[in-house]
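# Tertiary structure, described
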Amino acid sequence: CIEAAKQQGKTVWIPRGRYYQSRRFTLDGVQVRGEGMWLTNIIGTSLGDSWAGDTGCSLNGSGAGVAELYVESDVHTARTKGGAPLTPSHDATDWIIENVWVTHTNTGVWSGGSKGIVRGCRIRFTYADGINLNSGASHNLVENNHVRGTGDDSLAILSETERNWPVSTGNIVRHNTATCTWWGHNCDL
């Protein structure tokens, strides 16, 4: 379905319901939209063997997006395993993550992409960061999100220059709420 949507320039629509996911979706310039964060539920059932894990979506290319979904992992129980459900890659541009509820995963949003938007999301009970722009992430907007109960930073912009990534620049973080951080910072810039 995702490949057909890419070829036809269409959005993938996931109607209300509970869907079990055992393999991560790769969205190369494709948008996925549910019926609402209370109505369309994606439940991860496999940790996978990569850092990002098998829950959620990898956003690649130009114009990829995820909106109006609830994403949770049924198998994620520690910070040592993969599980970053929403990961715009370093080559992602003009991406959007909007009105998505993420809970019980390693992180919520982990991005090195550019010109993206994270808006209106609820990130709950992650084992690590809630929303992290890193490794050269540039000109992204993070606004009107509510992040609670993270195992590390709730909101972060990190350059990770020790890995020879470019410096993260031009990012805007505004009108967010961060509370009840287990470890780390509410906002790490």
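For the structure itself, consult the block above.
Residues numbered from 1 in each chain as written. Predicted model: local features only at pLDDT ≥ 70, side-chain atom pairs only at ≥ 80, totals over all residues. Heavy atoms only, no water.

## A closer look at the pairing of strand S9 (residues 96-103)
Convention followed: Relative accessible area decides the class of each residue, using a 1.4 Å probe on protein chains only: under 20% of the type maximum gives buried, over 50% gives exposed, and in between gives partly exposed. Every helix listed is a DSSP run of H or I at least four residues long, and every strand listed is a run of E at least two residues long, numbered separately from the N terminus. Between any two strands, pairing holds if DSSP finds at least two bridges.
Within S9, six of the eight residues are buried, which leaves the element mostly enclosed by the surrounding structure. Where strand S7 (residues 65-73) and S9 come together, seven bridges link them in parallel fashion. Along S9, the bridge assignment pairs Ala67 with Glu98. The pairing of S9 with strand S11 (residues 117-119) spans three bridges and is classified as parallel. What sits directly across from Ile96, in S11, is Ile117. Of the pairings in the sheet, the one linking S9 to strand S12 (residues 122-124) comprises three bridges and is parallel in character. Counted as the bridge partner of Thr103 is Arg124 from S12.

## Considerations on the pairing of strand S5 (residues 40-44)
Along any regular strand, the residues point their side chains to alternate faces of the sheet. Taken across its five residues, S5 has five buried, putting it largely inside the fold. Side chains of S5 alternate between two faces, with Thr40, Ile42 and Gly44 and Asn41 and Ile43 buried alike. Direction of pairing for strand S2 (residues 17-21) relative to S5: parallel, over a ladder of five bridges. Bridge assignment links Arg18 to a residue of S5, and that residue is Asn41.

## Looking at the nonpolar core
Our working rule: Residues belong to one nonpolar core when they are buried, are Ala, Val, Leu, Ile, Met, Phe, Trp, Tyr or Cys, and are joined through side-chain atoms within 4.5 Å. By definition, residues are in contact when any of their heavy atoms lie within 4.5 Å.
One finds Leu27, Leu59, Val66, Ile97, Val100 and Ile131 to be the most contacted residues of the largest nonpolar core, which totals 31 residues. Within the residue set of this core, elements represented by two or more residues are helix H1 (2-8), strand S1 (12-14), strand S6 (57-60), S7, S9, strand S13 (131-134) and strand S16 (155-158). Once residues within four sequence positions are removed from consideration, Val66 is found in contact with Leu27, Val32, Cys57, Leu59, Leu86, Ile96, Ile97, Glu98 and Val100.

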